[in-house]
Amino acid sequence: MTATPIRLLLVDDDPLVRAGLALMMGGAEDIEIVGEAADGAEAEELVRRTRPDVVLMDIRMPSVDGLTATRRLRARPDAPQVVVLTTFHADEQVLHALRAGAAGFVLKDTPPAEIVQAVRRVAAGDPVLSPAVTRQLMRHAAGSAADTRQARARDTLTVLNDREREVAVAVGRGLANAQIATELFMSVATVKTHVSRILAKLDLDNRVQIALLAYDAGLLEDGH
């Protein structure tokens, strides 16, 4: 039985970039391009009409930019997953998009096969963000508001019990469920349950946001 294809919406203000993305995605049998948009406002309208599973979203666009569009789309009850397209991997706007609920990002010069795989991974619920890149983005975000952000993050994390806190730190370190299970001496199913509870308690969308919150709280630096 053939699996239902992943419904994909392409959003970029450069028609040549959209054409290139459409060409590379069109060769994947398990991906169906349901629309193309030139800015965030058009993307929102197309999401309502086409109900994509994944949106490949440029950050810098006229009118409504990718950051604003990501925040609005992720607030929808039937929110699609969003993968951010960017030229730079240490970019403040990328970090803001991840905090707004994007499941990860890919660089525009990423090999086509890897972009296709990123769409597949996000559709399957697996964020696209390596631990190394996560750390680089977090360092990039450090600044004058760090103390305020840390206090707010630590206050937010008080709703977690000790075990959930340990899992949150492990997620922040970029560990997969199987690695967390081995390190914390629990089953993979238990890890998944803890992650689901953490997301629910903290009102977060995905593991990337858990990682960012753990970093903001200073848990990835001091090992607490």
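Residues numbered from 1 in each chain as written. Predicted model: local features only at pLDDT ≥ 70, side-chain atom pairs only at ≥ 80, totals over all residues. Heavy atoms only, no water.

Caption draft 1: Molecular detail of the nonpolar core. With 26 residues, the main nonpolar core has Leu9, Val11, Val55 and Met57 as its most contacted residues. Within the residue set of this core, elements represented by two or more residues are strand S1 (6-11), helix H2 (40-50), strand S3 (54-58), helix H3 (66-74), strand S4 (81-86), helix H4 (92-99), strand S5 (104-107) and helix H11 (207-216). Non-local contacts of methionine 57, meaning those with residues more than four positions away in its chain, are made with Val11, Gly66, Ala69, Thr70, Leu73, Val82, Val83, Val84 and Leu85. Membership of the second largest hydrophobic core comes to 22 residues, among which are Leu157, Leu160, Val195 and Leu199. (Core = buried A, V, L, I, M, F, W, Y, C linked by side-chain atoms within 4.5 Å. Buried < 20%, exposed > 50% of the residue type's maximum accessible area, 1.4 Å probe, protein only. Helix = DSSP H or I, 4+ residues; strand = E, 2+ residues; numbered from the N terminus. Contact = heavy atoms within 4.5 Å.)

Caption draft 2: A look at the side chain of aspartate 39. You can see aspartate 39 is positioned in the loop between strand S2 (31-37) and H2. The side chain of aspartate 39 is buried and forms no salt bridge, while arginine 72, the nearest opposite charge, is found at 8.7 Å. Excluding residues that lie within four positions of it along the chain, aspartate 39 makes contacts with Val11, Met61, Pro62, Ser63 and Val64. (Lys, Arg positive; Asp, Glu negative; His and termini not counted. Salt bridge = Lys/Arg side-chain N within 4 Å of Asp/Glu carboxyl O.)

Caption draft 3: Molecular detail of the UniProt feature "modified residue: 4-aspartylphosphate" (unreviewed entry) in the protein. Taking the numbering used here, the UniProt-annotated feature "modified residue: 4-aspartylphosphate" (unreviewed entry) corresponds to Asp58. Residue class for aspartate 58 comes out buried when judged on its relative accessible area of 5%. In this structure, aspartate 58 is in contact with Val11, Asp12, Asp13, Gly66, Leu85 and Lys108, ignoring residues within four places of it in sequence. (UniProt positions renumbered as here; feature names shortened; annotations may be inferred.)

Caption draft 4: Summary view of the sheet that holds S5. The sheet built from five strands is open, its strands ordered S2-S1-S3-S4-S5 with parallel pairing. Two strands close off the open sheet at either side, each with one partner strand: S2 and S5. For this sheet, the mean inter-axis angle between neighbouring strands, taken without regard to orientation, is 25°. For S4 and S5, the ladder comprises four bridges, and the chain directions are parallel. Residue pairing across strands places valine 84 opposite phenylalanine 105, the latter belonging to S5. (Pairing = 2+ DSSP bridges. Axes fitted to C-alpha atoms, helices over the stretch in contact; angles between N-to-C directions.)

Caption draft 5: Geometry of the packing of helix H8 (residues 162-172) against helix H10 (residues 188-202). At their nearest, the axes of H8 and H10 sit 10 Å apart, and the two run at 95° to each other. Comparing their axes, H10 and H8 come out roughly perpendicular. Contacts between H8 and H10 pair Arg163, Glu164, Val167, Ala168 and Val171 from the former with His194, Val195, Arg197, Ile198 and Lys201 from the latter. The residue inventory of the contact of H8 with H10, partitioned by class, reads five nonpolar, one polar and four charged. (Parallel < 35°, antiparallel > 145°, perpendicular 65-115°, else oblique. Nonpolar A, V, L, I, M, F, W, Y, C, P; charged D, E, K, R; others polar.)

Caption draft 6: Focus on the pairing of S4. Buried residues dominate S4, accounting for five of its six residues. Relative to S4, S3 runs parallel, the two being bridged by five bridges. Bridge pairing in S4 links valine 55 to valine 82. Handedness of the β-α-β unit built from S3, H3 and S4 comes out right-handed. (Right-handed = clockwise from strand over helix to strand, strands pointing away.)

Caption draft 7: Structural view of the confidence of the model for the protein. When pLDDT is averaged across the protein, the result is 85; 87% of the residues are at 70 or more. Element-level pLDDT for the protein is lowest in helix H6 (residues 131-141), with a mean of 61, against a maximum mean of 96 in S1. (pLDDT = per-residue confidence, 0-100.)

Caption draft 8: Expanded view of the pairing of S3. Burial of S3 is extensive: five of the five residues sit out of reach of the surface. Of the two faces of S3, both are covered, the one formed by Val54, Leu56 and Asp58 as well as the one formed by Val55 and Met57. The pairing of S1 with S3 spans four bridges and is classified as parallel. In the sheet register, valine 11 faces S3, and the bridge partner there is methionine 57.

Caption draft 9: Layout of helix H5 (residues 112-123). Its twelve residues give H5 an end-to-end C-alpha distance of 17 Å, which sits within 8% of 16 Å, the value for a rise of 1.5 Å per residue. Among the residues of H5, Ile115, Val116, Ala118, Val119 and Val122 are the ones counted as buried. Angular distribution of buried residues about the axis of H5 spans 155°; they occupy a single face of the element. Those residues of H5 that are buried lie in contact with S1, helix H1 (15-26), S2, S3, S4 and S5. Count one or two residues on from H5 and you reach glycine 125, which has phi positive near 90°. (Expected span 1.5 Å × (residues − 1). Arc of directions from axis to C-beta.)

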